[in-house]
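# Observations on the three-dimensional arrangement
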Amino acid sequence: MKLWSGRFDKNTDQLVDELNASITYDNRLFREDITGSMAHASMLGKQNIIPQEEADKIIEALAGILADMEQGKIPFNISDEDIHMCVEAELTRRIGDSGKRLHTARSRNDQVALDFRMYMKNQVAEIRVLVMKLMEALVNLSEKNMDTIMPAYTHLQRAQPTTFAHYMMAYANMLKRDVLRLEDCLIRMDELPLGSGALTGTTYPIDRQYVAEKLGFARVCENSLDGVSDRDYAIEILSDLSILMMHLSRFSEEIIMWCSWEFKFIELDDAYSTGSSIMPQKKNPDIAELVRGKTGRVYGSLMGFLTVMKALPLAYNKDMQEDKEQVFDAVDTVKACLPVFTAMVETMSVNKTNMRNAAARGFINATDCADYMVKKGLPFRDAYTIVGRLVNYCISSEKTLENLSLEEYKSFSPMFEEDVYNAIDLETCVNMRRSQGGPAYESVSAQVASIKKFLEDNANEA
Ligand code: ARG
């Protein structure tokens, strides 16, 4: 019999039960549901809303249910509809009438809002740590590749020289923003919805502050209608995770290109690559491809849930039950991807020679050649034109800027002297780029130090 069956003359249709039930997926909220109920019972006792002995009995029995659920001893049946009713029914089976007092001054609407928030707070904190582990891997990789010269690209055309360390620090900075976004979301969502009742609070003398403190919330939601119907935090988390996955997907794309024969900048460890069932020579970057592919899944959850929430009037509507699967799937996906991605990055080997060889072709020091003339007094636009002609000449005569003779240089401008060769040397090009944020050793060292400091400062904050 349903907890709410009193008003009805008939049982619900079996198909209705199947569509209506959320227990098949919200059972993962059992810890939050039970801890939330313990805090609620404790408050009801303290406020004399129910007798203290009954509150104590409820709390003790809930602890027993929690232990049994941890061990998988309690089956989740769709006849219980959702995790909230499942726990309450079990409680009443165990302690009879006292169990029936737990739901005083509470509704499933503020209860589910509480459980979901508590669960998401923990998930966000876990994901935040996983992102920082990836950042740490990038710091290590950077420290080993401070002088690994490679071409940097715009339009996927070789553009200017940089180092692999500089490149990795770009991703570290993207991930730092992901961590900050998650932390920011945690601050905003840290409000207790319990006590909002079904939608307009309650006539009982509840103490929401007490429950908030017991459950580790910084504040209580200030408006009960908003308290039960706010899912902004879920949408924010989905947005934050979408941006994070977009970063991982961009990185994956580069890794996939870098381990192709066309690039061969890196080689993935065998433990993080896969083979082909037909082509014996293949070593495929499936992990990077899966991360890139799963990004679509996380975007899908964001779009899906934004659409669920669109046009919902206040306050609770059953549509909102659709929050869970979308968010759970996104969280599971990100948590599955991050550790493998980190291990893949940690174990990949960097082919410094191939990167250096690629940097030597494509005229990526042409800007430096123009800058050389600017430093001798020529306006940049004129220098740019002369070097454009030089490059054109090199292409038609199959030469590089490095192996042109001084006579050839001088035929384009008398300004060129012997020191041009040093100015266009790739090491010089990189190490002269000392501007803040650039690839020179000192600049990248500062970037690495800054990320390290960020990781240290954020290590202990939840
Ligand atoms: N299972 C429901 C959910 O996930 C719990 C809240 C139900 N409230 C209600 N009035 N039907 O949203």
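Structure report, in brief. Since we're looking at a predicted model, the values are computed, not measured.

### Section: the overall build of the protein chain
Scanning the protein chain for helices and strands turns up 19 helices and 6 strands. Whereas a compact globule of 462 residues would reach a radius of gyration of roughly 23 Å, the protein chain reaches 30 Å, over 25% beyond that. In terms of overall dimensions, the protein chain has a C-alpha envelope of 100 × 50 × 40 Å along the principal axes. Each of the 462 residues in the protein chain was classed as buried or not, and the buried ones make up 50%. Long-range contacts, defined here as pairs at least 24 residues apart, represent 76% of the contacts in the protein chain between residues at least 6 apart. Carbon and sulfur atoms make up 52% of the accessible area of the protein chain, which amounts to about 22,200 Å² in all. Both charge centroids of the protein chain, one from 52 positive and one from 69 negative side chains, sit 1 Å from each other.

### A few points about helix H15 (residues 380-396)
Here H15 spans 24 Å end to end across 17 residues, near enough to the 24 Å set by a 1.5 Å rise per residue. Buried residues of H15: Ala383, Ile386, Val387, Leu390, Val391 and Cys394, and no others. Projected down its long axis, H15 carries its buried residues within an arc of 145°, all on one side. Exposed residues pointing more than 90 degrees away from the buried face of H15 are listed as Arg381, Arg389, Asn392, Ile395 and Ser396. The inward-facing, buried residues of H15 contact helix H14 (366-375) and helix H16 (406-412). Glu398 lies just past H15 and shows a positive phi near 50°.

### Examining the nonpolar core
Counting residues in each nonpolar core, the largest one holds 109 residues, and the members touching the most others are Leu241, Ile255 and Trp258. The leading source of residues in this core is helix H6 (residues 108-144), at 15 residues. Not counting chain neighbours up to four residues away, the residues in contact with Leu241 comprise Ile127, Leu182, Val298, Ala330, Val331 and Val334.

### Things to note about the site of the ligand
Taken together, Ser22, Asp82, His84, Arg108, Asn109, Val112, Tyr316, Lys318, Gln321 and Lys324 are the residues near the ligand. Asp82 places a side-chain nitrogen or oxygen 2.9 Å from a nitrogen atom of the ligand. A distance of 2.4 Å is found between an oxygen atom of the ligand and a side-chain nitrogen or oxygen belonging to Tyr316. Among the elements that line the shell around the ligand, the one with the most residues is H6, at 3 residues. Taken together, the residues that form the shell around the ligand break down as 2 nonpolar, 4 polar and 4 charged.

### Describing the packing of aromatic side chains
Applying the stated criterion to the full structure yields 14 aromatic pairs. Plain terms: the ring middles of Phe251 and Phe341 are 5.4 Å apart, the flat faces sit at 65° to each other, and that makes the pair edge-to-face. Taken as a pair, Phe251 in helix H10 (residues 232-258) and Phe341 in helix H12 (residues 323-347) lie far apart in primary sequence, 90 residues in all. The pair Phe251 / Phe341 is uniform in exposure class, with both members buried. Members of the aromatic cluster, joined through ring pairs, are Phe116, Tyr119, Tyr233 and Phe328. The ring centre of Tyr210 lies 4.9 Å from the NZ or CZ of Lys46, which sits over that ring.

### Observations concerning helix H19 (residues 441-458)
For H19, built from 18 residues, the straight-helix expectation of 26 Å at 1.5 Å per residue is met to within 8% by its first-to-last C-alpha distance of 26 Å. Turning to H19, its buried residues are Ser443, Val444, Gln447, Val448, Ile451, Phe454, Leu455 and Asn458. All buried residues of H19 lie within an arc of 135° about the axis, which places them on one face of the element. Those residues of H19 hidden inside the fold are in contact with H6, strand S2 (157-163) and helix H7 (164-189).

### Concerning the pattern of salt bridges
Two side chains that carry opposite charge are able to pair once their charged atoms sit near each other. Enumeration over the complete set of coordinates arrives at 34 salt bridges. The closest approach of N and O atoms between Lys318 and Glu81, which form a salt bridge, is 3.6 Å. One end of the pair, Lys318, is in the loop between helix H11 (286-309) and H12; the other, Glu81, is in the loop between helix H4 (52-70) and helix H5 (83-95), and 237 residues separate them in sequence. By relative accessible area, Glu81 is classed as buried at 4%. Between Arg231 and Asp323 there is a salt bridge, with the nearest N and O atoms lying 2.8 Å from each other. Linking Arg231 in the loop between helix H9 (224-229) and H10 with Asp323 in helix H12, this pair joins segments that are 92 residues apart in sequence.

Basis of the calculations
Residues numbered from 1 in each chain as written. Predicted model: local features only at pLDDT ≥ 70, side-chain atom pairs only at ≥ 80, totals over all residues. Heavy atoms only, no water. Helix = DSSP H or I, 4+ residues; strand = E, 2+ residues; numbered from the N terminus. Rg over C-alpha atoms; globule rule 2.2 N^0.38 Å. Buried < 20%, exposed > 50% of the residue type's maximum accessible area, 1.4 Å probe, protein only. Contact = heavy atoms within 4.5 Å. Areas by Shrake-Rupley, 256 points an atom, 1.4 Å probe, with all protein chains shown as cover. Lys, Arg positive; Asp, Glu negative; His and termini not counted. Charge placed at Lys NZ, Arg CZ, Asp CG, Glu CD. Expected span 1.5 Å × (residues − 1). Arc of directions from axis to C-beta. Core = buried A, V, L, I, M, F, W, Y, C linked by side-chain atoms within 4.5 Å. Near = heavy atom within 4 Å. Polar contact = N/O pair within 3.5 Å; in protein donor to acceptor, adjacent residues only side chain to side chain. Nonpolar A, V, L, I, M, F, W, Y, C, P; charged D, E, K, R; others polar. Phe/Tyr/Trp six-rings, centres within 6.5 Å; stacked < 30°, edge-to-face > 60°. Lys NZ or Arg CZ within 6 Å of the ring centre and 35° of its normal. Salt bridge = Lys/Arg side-chain N within 4 Å of Asp/Glu carboxyl O.

Nothing here speaks to function; it is all geometry.
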